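Structural characterization, general
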Amino acid sequence: MSEKRKIPMDTLLVHGQSSFEERTGAVSVPIYQSATFRHPGLHESTGYDYSRLRNPTRDELENTIALLEGGRRGFAFSSGMAAVSAALSLFGRGDHLIVSEDLYGGTYRLFEEFGRKSGLEFSYVDTGDRSEVENSLRENSRAFFIETPTNPLMKITDLKYLSSLAKDRNMLLIVDNTFLTPYLQRPLALGADMVVHSGTKYLGGHNDTLAGLLVIRGEDLAEPMELVQKTTGAVLSPFDSWLILRGMKTLGVRLARQEENALRIARWLEGDSRVDRVFYPGLPGHDGYELNRSQADGAGAMISFSVKDRAMVERILRKVEIILFAESLGGVESLITYPAVQTHAAIPEEIRNRLGVTDTLLRLSVGIEAAEDLIRDLDRAMG
Ligand SMILES: *Cc1c(COP(=O)(O)O)cnc(C)c1O
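All of these numbers come straight from a predicted model, not from anything done at the bench.

Cut-offs applied
Residues numbered from 1 in each chain as written. Predicted model: local features only at pLDDT ≥ 70, side-chain atom pairs only at ≥ 80, totals over all residues. Heavy atoms only, no water. Buried < 20%, exposed > 50% of the residue type's maximum accessible area, 1.4 Å probe, protein only. Helix = DSSP H or I, 4+ residues; strand = E, 2+ residues; numbered from the N terminus. Contact = heavy atoms within 4.5 Å. Polar contact = N/O pair within 3.5 Å; in protein donor to acceptor, adjacent residues only side chain to side chain. Axes fitted to C-alpha atoms, helices over the stretch in contact; angles between N-to-C directions. Parallel < 35°, antiparallel > 145°, perpendicular 65-115°, else oblique. Left-handed = near helix turned anticlockwise from the far one by under 90°. Domains from an automatic or database assignment. Buried area = accessible area lost by both parts, 1.4 Å probe. Salt bridge = Lys/Arg side-chain N within 4 Å of Asp/Glu carboxyl O. Nonpolar A, V, L, I, M, F, W, Y, C, P; charged D, E, K, R; others polar.

1. A look at helix α6 (residues 159-168)
Turning to α6, its buried residues number three or more, namely Leu159, Tyr161, Leu162, Ser163, Leu165 and Ala166. Contacts made by the buried residues of α6 are with α5 (130-136), β4 (141-147), β5 (172-176) and α11 (289-295). Between the side-chain oxygen of the N-cap and the backbone nitrogen of Lys160 there are 3.2 Å, and the N-cap of α6 in question is Asp158. Phi for Asn170, located one or two positions after α6, is positive at around 60°.

What follows is the structure in structure tokens.
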């Protein structure tokens, strides 16, 4: 594994952990559609006993994501939320978590609906603002849970600063790396302890599979995560593991193209008089532009923008033709969403408005279509 880490990311993505199956030479890792595995004898095992515990196809995915993120171990779950839930299960009554205030709505719902019931405490702050972060620290603070860029306002958090603060305080830094993926950002190398993903998004990349992934940096978290995964049982199926593995092979080319498209669209939006604000960390005018450049290899392909006229929102959602009005992100198809009523509906209105997730804000996941088609589509739909 350590030697593999020296291989450039583009090659690693295509070949994954094992490149081909040793026994048969199959270049596509076989789908081991078996729930259980025969034991050779008493107290003997092939290494595989029962697929909730371990499955060879899922193993390949878990080893590959660990390799890409530069972590010790990877774990695959049936959805991104199952991975976030697994991370949350490390904490218990009385523990306090400091969380990005501008956050995936489902994660917020999990923390508020289930975390609080288990006696956890949460503070939602702008994790890009050092004084806010430092003021939110408590005796019982156990972890930071952050997104960078955030969803949907694309705010950037300084990963090195937060990881050193976490280390000083004996806290964990957990990063949801869904938006940039290990292709563009590797938080573990900057000191984070754990990375979670909705594999449904860029890693799968085709809007066809739900998946969640979790990677840990140190061996100390291996046992607790293994226990959670096998005990709660929200594991990724062999077929879905294979779909995510197949998706990841093209992550590099997809994301490079998506990012190129995103920059063109962001620039076009910025220059359009119907648009109020554009939130894209790849634009030099973005607050987090320099910081993102210093810690990531790109700005990704998610753009949020607000329009001046509230009535335009409905028009755009109804009239876009190439861009699909659908939840989710990261796939080859461009999607547009309306965070205030979709992904962020779980967040109370006054909080949403304070954050800037207003009723004129739209979020665009830029796909691999021709950029000029996407711009024409938006231009026409904005009417
Ligand atoms: C989609 C998403 C999730 C949840 O993942 P699912 O696969 O939908 O369960 C978590 N975090 C972020 C940033 C997401 O975009």
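2. Describing the packing of helix α12 (residues 311-319) against helix α14 (residues 371-382)
Relative orientation of the contacting elements α12 and α14 amounts to 130°, with a least axis distance of 8 Å. One finds that α12 runs oblique with respect to α14. The element α12 and its partner α14 pack so that their crossing is right-handed. On α14, the residues that touch Met312, Arg315, Ile316 and Lys319 of α12 are Arg380, Ala381 and Met382.

3. Considerations on helix α4 (residues 105-115)
Among all positions of α4, only Gly105, Gly106, Thr107, Tyr108, Leu110, Phe111 and Gly115 are buried. Where α4 is buried, its residues meet α3 (80-88), β2 (96-100), β3 (121-125), β4 and α13 (349-355).

4. Overview of the domain arrangement of the chain
Domain assignment breaks the chain into domain 1 (4-249) and domain 2 (251-382). Across the contact, 40 residues belong to domain 1 and 43 residues belong to domain 2. Summed over both partners, the interface of domain 1 with domain 2 buries about 3300 Å², with 62% contributed by carbon and sulfur atoms. Its largest share of buried area at the contact with domain 2, domain 1 owes to Leu153, Leu184 and Tyr202, together 22% of the area lost on that side. Where domain 1 meets domain 2, there are two salt bridges. Two residues, Glu101 and Arg354, come together in a salt bridge whose shortest N-O distance is 3.4 Å. Remark: the boundary between domain 1 and domain 2 carries 17 residue pairs in polar contact (both at pLDDT 80 or more). Elements represented by at least two residues in the side of domain 1 that touches domain 2 include exactly α1 (9-15), α4, α6, α7 (181-184) and α9 (238-249). For the side of domain 1 that touches domain 2, the leading source of residues is α4, giving four residues. Residue composition of the side of domain 1 that touches domain 2, by class: 18 nonpolar, 13 polar and nine charged.

5. Focus: unusual backbone geometry
Negative phi is the rule for most residues except glycine; trans is the rule for most peptide bonds. That bond from Thr148 to Pro149 is cis: its omega, 0°, falls within 30 degrees of zero. Tracing the backbone through its elements, the reader meets Pro149 in the loop between β4 and α6. The peptide bond linking Asn151 to Pro152 adopts the cis configuration, its omega dihedral lying at 10°. The residue Pro152 is located in the loop between β4 and α6 in this model.

6. Some thoughts on the side chain of Asp272
Within the fold, Asp272 resides in the loop between α10 (251-270) and β8 (275-279). For Asp272, a relative accessible area of 12% translates into the label buried.

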